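Residue-level listing of the chains:
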Amino acid sequence: MRLSVKDNQITEINPDPAHPVSEGELCLKGLYGFKHVADPGRLRTPLMNREGGFAPVSWDVALDSIVEQVNTIKRESGPDAIAVFSSARATNEENYIAQKFARAVIGTNNVDHCARLCHAPTTVGLTMTMGNGAMTNTIPELGEFSDVIFIIGSNTAECHPLIAKHVLKAKARGAKLIVADPRMTEMANKADLWLRVPLGNDIPLINGMLHVIIKEGLHKADFIREHATGFDDVVRAVEDYSPESVSVMTGIPAADIIAAGRAYATAKAAATLFAMGVTQFTCGTGNVVSVANLAIITGQIGRPGAGVCPLRGQGNVQGACDLGALPNVFPGGKHVTSEVDRARFEQAWGVALSPKPGLQITEIPDAILAGKVRALIIDGENPMMSDPNTMHFARALEKLDLLVVADLFLTETARRANIVLPAAGWGEKEGTFTNTERRVQRLRPAVVPPYEAKADWWIFKTLADRMGYRGMAYDSPKDIWDELRRVVPADYAGMTYSRLEQMPGLCWPCPSEDHPGTPILFVGGKFATPSGKAALKPVLFHPISVPEAQRKVFDEPIIGHIAERPDADYPFMLTTGRRVYHYHTGTMTRRAPLLEQIGPEELIELNPLDAKTLEVCEGDYIKVSTRRGGVVAKAWITERVPPRVVFSTFHFWEASSNEETNAENVDPLSGIPEYKISAAKVAKSSAAEARANVAAKAAYYLNSVERKVILQMQET
Amino acid sequence: MVNRFVIADPKLCIGCYTCEAGCVNVHTKAGLVAYPRLTVMHTKAGTMPLQCRQCDDAPCEKVCPVKAITFEDHAVQLNESLCIGCKMCALACPFGAITPYATQPNAMGLMGDTAQTIDWARTVSDQANMLPPEGAPRAENPAHPLLAWTSGERAVAVKCDLCHFLPEGPECIRVCPTKALRIVDEDALAASSAHKRETTLAGFLAANHDSPEGG
């Protein structure tokens, strides 16, 4: 995108007609979601929370205080008492330096970021089966080559409108669209075949499709023999999932399961698109492995338009994962437990590194409450609203000895910090982003950061310098990038800044400067697993629990169930997600007046049948609560949700669904919480209760510090 | 010559609201009421924005008591300065394409570049404002939702004006990422009808080719 600037302020954003993905179009967030950059509420100086509230301090005072406290905690409790949250909104360079700071300077692998909460099962599941946790193809291939597009658990039209555009392009060309989703999303409504799979039942659906494919001999026997292992186990595992029995379990007509299986398997090029509707379950990894099984068994991989496409959300969540902002891997997916990998990074960074995998984001709150983690450094995340079970997370934050937050605004999380650092943001920084199709693209500053705001990389570098580490003598993001190219040459050696500037990005791996990048992974069935073959895995599911007799047939089956099922007290299922006009916790988009006008408040989707029973009319307020918390917001009466299911978002602090979500039950393989299912109850509410609710939430999230702080900052 | 109008193709519309945001953006910059002149509708049958059909015999034009609604340049135009906010046009419109929108004292301030001057903690107070203010006189149980009012707010009718102030035409068409919106004018209608007649005739002639009466 191209930014127009006047007097150091962004005035307009225009799409780049030459870009292969955007093709000269942007959605409303791209066109109008930039006003936060020049918002008067931007943090101006570092702040320290002293008695009576935040006080503006100099960078020297803030950084020295952080260094002193981190050193003390490290001396008293060891390096693993400190944790770092990096950010999927920060650049590749900044994620690299954040994880290097945690590992080389502090000495812990306690570094993670919000991918834990969105695509952790993708990283685990696809690495397990195919050797690489990323989208296998590029987005324009969908429009050009795919003749069957299978969207499962992705609200593509709302969450990736520009990718939806390529899907429509395929459809106009005659491609068949199959959508599996419990909600009647826009793509479901446009599908040739919509499978209304009940929440959490992806495994039986895909096993049912595989059952049909194998029974009818539509699998690619030669491809499987040459390029995959574990097929026999999958054959046995899907034996019990006949379309008829899956239909009994899920309510999806057997004929539709058969039609979907046949269409996918016999397509010239079939692509599967998936997102959080696959991953955010306690069996998220099982769901992802099912998707991979389907693609491998039908040979729908490694060709133009044929592949597995996890759609990543934030601007740089792919990059943050690739660059090792994860507790178990270094940049380039190298394992912290591997002596060989560790030796390589020890040599590059000049220090001994911890062999112990760090804590995942979802493990941090309990580790804090248990006294194991005493300091948390958060770079550009707002976990008070984005992490599950808000109240539990807030209780953990209170027990910390040191909470440092670097952000653009005094977010819901920053308000609870001991030290807040003003960070430079998008539009103000130099570096690279990696989009969902592994395309590394250059990001250039358009405006100068306001007041004393500094780029995140500078913050980590300066902290490292003051902690006595000599390995971060960077003058610019380019220095960091060039180090990264040396450290992970297989993926990045060929990507110089100057090459990236001359084209709309390069897809990794790109090992040398004459390499054109790799738009399609696993061409010719060459997978990135150690054996070079894809590893098929049996995946089993039962809503309550898979019977022992069924499990013990296999050595290591992946098992799925639903953690919190509806009961007499909580008869509904709450599922969560996003709306097209806001981005996550709203710190940026809610400061864009146009977006805030289109989406000013939470709307909870409620099926017309339930509305009738509850005597709720369009626009009436309803209260949705789970065992953890509740919110009041307006009802949107719509068939988008099936009966006994309500849908809400975490965009609005006035009604954040994460007060209700479940942090207790996570996927054992990836640590992701089950955002998509909580048992809930729904009751009719009133405008008076809604008003009281907003007042209560304002007191809880805002602590009335916001206004006081800005006045203080303006005075200095 | 018949009036022109904007219409969406539900096969292409993904319900992304870019048209609504674009509409507010250009109208605010033109000094007009900051409210979208088209409404994205989600139904079981499909999704698309709904907007004024620019009727050639427009009921809104007929009922307007102050001649704020007139025919101009093959469209039905509404003069916001003349509008007295009586809402009769909204009641008369068969498509629900006219919305009375109350300009709150701070609504203009929230839009466009003047946002800078607003207190940055505004989201708090805005959210409280979104709910009906306690104590402010307002219509209890209005006879029709369109007739609801709150003291202190001045409503005017808002409808699609085809962005007559923009040389490049309607902004919604320009910003729609899937190019689902288009303008229909006399030429487009004529071309479409001609195409349909040709298709009809081709089918008819093919079916009757061999029959003795068919020649």
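Okay, so let's go over this structure. All of these numbers come straight from a predicted model, not from anything done at the bench.

Moving on: the overall build of chain A. Of the regular secondary structure elements, chain A holds 29 helices and 27 strands. Over its C-alpha atoms chain A spans a radius of gyration of 25 Å, differing by no more than 12% from the 27 Å that the globule rule assigns to 716 residues. Taking the principal axes of the C-alpha coordinates as reference, chain A spans close to 75 × 65 × 50 Å. Long-range contacts, defined here as pairs at least 24 residues apart, represent 73% of the contacts in chain A between residues at least 6 apart.

Time to look at the overall build of chain B. The secondary structure content of chain B amounts to seven helices and eight strands. Taken across its 215 residues, chain B has 41% of its residues classed as buried. When contacts within chain B are restricted to residue pairs at least 6 apart in sequence, those whose partners lie at least 24 apart make up 64%. Looking at chain B as shown, the accessible area adds up to about 11400 Å², and 59% of this sits on carbon and sulfur atoms.

A few words now on the packing of aromatic side chains. Residue and element names in this part refer to chain A. Per the counting criterion, the structure on display carries 14 aromatic pairs over all chains. A ring pair is formed by Phe101 and Phe460, whose centres lie 5.3 Å apart and whose planes are at 50°; its orientation type is tilted. Linking Phe101 in helix H3 (residues 92-106) with Phe460 in helix H21 (residues 456-466), this pair joins segments that are 359 residues apart in sequence. According to the relative accessible area criterion, Phe101 is buried, its value standing at 1%. Taking 4.4 Å as the distance between ring centres and 20° as the angle between the ring planes, the aromatic pair formed by Phe330 and Phe345 counts as stacked. In this pair, Phe330 sits in the loop between helix H16 (317-322) and helix H17 (339-349) while Phe345 sits in helix H17, placing the two residues 15 residues apart along the sequence. With respect to burial, Phe330 and Phe345 carry one shared label: buried.

Let us look at the environment of A:Met187. Residue and element names in this part refer to chain A. Relative to the elements of secondary structure, Met187 occurs in helix H8 (residues 186-190). Residue classification places Met187 among the buried positions, given a relative accessible area of 0%. Each C-alpha atom, one on Met187 and one on Ile151, is 8.2 Å from the other, the two residues being 36 residues apart in sequence. Look past the residues within four positions of Met187 in its chain and what remains in contact with it is Ile151, Thr156, Ala157, Ala164, Val167, Leu168, Leu177 and Val179.

Here the focus is the state of the cysteines. All names here are of chain B. This structure, assessed with the given rule, holds zero disulfides over all chains. Cys64 takes part in no disulfide bond, and the closest cysteine sulfur to it belongs to Cys86, at a distance of 6.2 Å. Between Cys172, a free cysteine, and Cys163, which holds the nearest cysteine sulfur, the sulfur-to-sulfur gap is 6.2 Å.

Residues and elements named next belong to chain A. Their axes nearest at 9 Å, the elements H3 and helix H22 (residues 477-487) cross at an angle of 70°. With respect to each other, H3 and H22 are oriented roughly perpendicular. Facing H3, whose interface residues are Asn92, Glu93, Tyr96, Ile97 and Lys100, H22 presents Pro477, Ile480, Trp481, Glu483, Leu484 and Val487.

All right, on to the sheet that holds strand S24 (residues 621-625) of chain A then. Residues and elements named next belong to chain A. On the basis of which strands lie adjacent, the closed barrel formed by six strands has the order S22-S26-S23-S25-S24-S27 and mixed pairing. Between one strand axis and the next, the sheet turns by 45° as a mean value, whatever way the strands run. Where strand S22 (residues 572-577) and strand S27 (residues 678-684) come together, three bridges link them in antiparallel fashion. Across the sheet, Phe572 pairs through a bridge with Ala680, a residue of S27. Packing against the sheet, helix H28 (residues 687-702) makes contact with S24 and strand S25 (630-637), and its axis sits at approximately 135° to S25.

All names here are of chain A. Axis separation between helix H9 (residues 202-215) and helix H11 (residues 231-238) bottoms out at 9 Å; the angle between their running directions is 110°. The angle between H9 and H11 falls in the class roughly perpendicular. Across the interface between the two elements, Asn207, Leu210, His211 and Ile214 from H9 touch Phe231, Val234, Val235 and Val238 from H11. Its residues assigned to classes, the contact of H9 with H11 shows six nonpolar, two polar and no charged.

It is worth spelling out the environment of A:Ala490 at this point. Residues and elements named next belong to chain A. Within the secondary structure, Ala490 sits in helix H23 (residues 489-492). Counting along the chain gives 19 residues from Ala490 to Pro509, while the straight-line C-alpha distance between them is 6.3 Å. Sequence-distant contacts of Ala490, defined by excluding residues within four places in its chain, comprise Pro509, Cys510 and Pro511.

Residues and elements named next belong to chain A. Ranked by internal contacts, the top residues of the largest apolar core, which has 80 residues, are Met187 and Leu273. Not counting residues up to four positions away in its chain, the partners in contact with Leu273 are Leu142, Ile149, Phe150, Ile151, Ile152, Ser154, Ile163, Val167, Cys309 and Leu311. Ranked by size, the runner-up nonpolar core spans 66 residues in total, among them Phe150, Leu195, Ala260 and Phe522.

Another aspect to go through is helix H7 (residues 161-172) of chain A. All names here are of chain A. The end-to-end C-alpha distance of H7, which contains 12 residues, comes to 16 Å, matching closely the 16 Å that a straight helix rising 1.5 Å per residue would cover. With nine of 12 residues buried, H7 is to be regarded as a mostly interior element. Residues of H7 that are buried: Pro161, Leu162, Ile163, Ala164, Lys165, His166, Val167, Leu168 and Ala170. Summarising the contacts, the buried residues of H7 are in contact with helix H5 (139-144), strand S7 (148-152), helix H6 (156-159), strand S8 (176-180), H8 and strand S11 (270-274).

So, about the side chain of A:Ser154. All names here are of chain A. Structurally, the position occupied by Ser154 is in the loop between S7 and H6. Residue Ser154 is classed as buried on the basis of its relative accessible area of 2%. Polar side-chain contacts of Ser154 include one of 2.7 Å to the side chain of Thr156. Ignoring any residue separated from it by four or fewer positions in sequence, one finds Ser154 in contact with Asp181, Leu273, Phe274, Ala275 and Leu311.

Looking now at unusual backbone geometry. All names here are of chain A. Each neighbour pair has its own omega, and for Trp508 with Pro509 the value is -5°, a cis peptide bond. Note that Pro509 resides in the loop between strand S18 (506-507) and strand S19 (534-535). Its identity is not glycine, yet Arg644 carries a phi of approximately 65°, on the positive side. Mapped onto the elements, Arg644 comes out in the loop between S25 and strand S26 (645-649).

Residues and elements named next belong to chain A. Taken as a whole, this structure holds 46 salt bridges over all chains when the rule is applied. Residue Arg442 pairs with Glu501 through a salt bridge whose shortest N-O separation is 2.9 Å. Separated by 59 residues along the polypeptide, Arg442 in strand S17 (residues 439-443) and Glu501 in helix H24 (residues 497-502) bring together distant segments of the chain. What makes Arg442 buried here is its relative accessible area of 15%. For Arg485, the salt bridge goes to Glu513, with nearest N and O atoms at 3.4 Å. Of this pair, Arg485 sits in helix H22 while Glu513 sits in the loop between S18 and S19, and the two are 28 residues apart along the sequence. Using a relative accessible area of 14% as the deciding quantity, one classes Arg485 as buried. Each of Glu158, Arg183, Glu186, Arg579, Glu605 and Arg640 takes part in salt bridges that share partners, so that together they form one network.

Another aspect to go through is a nonpolar patch on the surface. Residue and element names in this part refer to chain B. A cluster of nonpolar side chains, namely Val63, Met88 and Leu91, defines an oily patch on the protein surface of about 210 Å² accessible area. Within the secondary structure layout, Leu91 lies in helix H3 (residues 88-92). Exposure remark for Leu91: the relative accessible area of 37% places this residue in the partly exposed category.

Cut-off values and rules
- Residues numbered from 1 in each chain as written.
- Chains lettered and ligands numbered in written order.
- Predicted model: local features only at pLDDT ≥ 70, side-chain atom pairs only at ≥ 80, totals over all residues.
- Heavy atoms only, no water.
- Helix = DSSP H or I, 4+ residues; strand = E, 2+ residues; numbered from the N terminus.
- Rg over C-alpha atoms; globule rule 2.2 N^0.38 Å.
- Contact = heavy atoms within 4.5 Å.
- Buried < 20%, exposed > 50% of the residue type's maximum accessible area, 1.4 Å probe, protein only.
- Areas by Shrake-Rupley, 256 points an atom, 1.4 Å probe, with all protein chains shown as cover.
- Phe/Tyr/Trp six-rings, centres within 6.5 Å; stacked < 30°, edge-to-face > 60°.
- Disulfide = S-S within 2.5 Å.
- Axes fitted to C-alpha atoms, helices over the stretch in contact; angles between N-to-C directions.
- Parallel < 35°, antiparallel > 145°, perpendicular 65-115°, else oblique.
- Pairing = 2+ DSSP bridges.
- Nonpolar A, V, L, I, M, F, W, Y, C, P; charged D, E, K, R; others polar.
- Core = buried A, V, L, I, M, F, W, Y, C linked by side-chain atoms within 4.5 Å.
- Expected span 1.5 Å × (residues − 1).
- Polar contact = N/O pair within 3.5 Å; in protein donor to acceptor, adjacent residues only side chain to side chain.
- Salt bridge = Lys/Arg side-chain N within 4 Å of Asp/Glu carboxyl O.
- Patch = residues over 30% accessible without salt bridge, like charges linked within 9 Å, V, L, I, M, F, W, Y side chains within 5 Å.

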